[in-house]
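# Topology and contacts: notes
Single-letter residue listing:
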Amino acid sequence: MTEVFHLGRLIRQGLDNQQRTVAWFAKAISCDRSNCYDIFARRYIDTELLERISRVLGRNFFKDLAEYMEGVVRDTTQV
């Protein structure tokens with residue numbers, strides 16, 4: 001079985017890897033700092049917001065999601 005995908009954790013890791021603060025991130029994506037913690041807690045995120053986050057952090061989180069889904073589909077078709 002494929003592990004549970006958690007987009008918010010990936011975003012938080014991306015932010016930490018760049019040694020950026022939550023305050024910086026909030027300003028960059030035009031939201032309140034408290035909302036950022038909500039984003040980090042989410043498994044899935046609205047595509048418009050995910051596009052903004054991908055641009056700000058310079059990482060294609062859609063690709064991460066697509067790779068996960070390829071594994072889900074592969075696991076499902078092998079049953």
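Please refer to the structure higher up on the page.
We now turn to the structure provided with this report. (Residues numbered from 1 in each chain as written. Predicted model: local features only at pLDDT ≥ 70, side-chain atom pairs only at ≥ 80, totals over all residues. Heavy atoms only, no water.)

### Observations regarding the pattern of salt bridges
Where we set the bar: Just to be clear on terms, a salt bridge is a Lys or Arg side-chain nitrogen sitting within 4 Å of an Asp or Glu carboxyl oxygen. Strands here mean DSSP runs of E at least two residues long; helices mean DSSP runs of H or I at least four residues long; both are numbered from the N terminus. When accessible area is computed with a 1.4 Å probe and restricted to protein chains, residues below 20% of their type maximum are described as buried, those above 50% as exposed, and intermediate ones as partly exposed.
Scanning the model with the defined rule gives four salt bridges in all. A salt bridge links Asp16 to Arg12; the shortest N-O distance between them is 3.1 Å. In this pair, Asp16 and Arg12 both sit in helix H1 (residues 7-17), four residues apart, roughly one turn of the helix. Here Asp16 falls in the partly exposed class, since its relative accessible area comes to 41%. Overall, Arg12 belongs to the partly exposed group, its relative accessible area being 29%. Between Asp38 and Arg42 there is a salt bridge, with the nearest N and O atoms lying 2.7 Å from each other.

### Details of unusual backbone geometry
The phi angle at Gln19 is positive, at roughly 55 degrees, despite the residue not being glycine. Tracing the chain through its elements places Gln19 in the loop between H1 and helix H2 (22-28). With a relative accessible area of 75%, Gln19 lands in the exposed category. Non-glycine residue Ser30 carries a positive phi angle of around 60 degrees.

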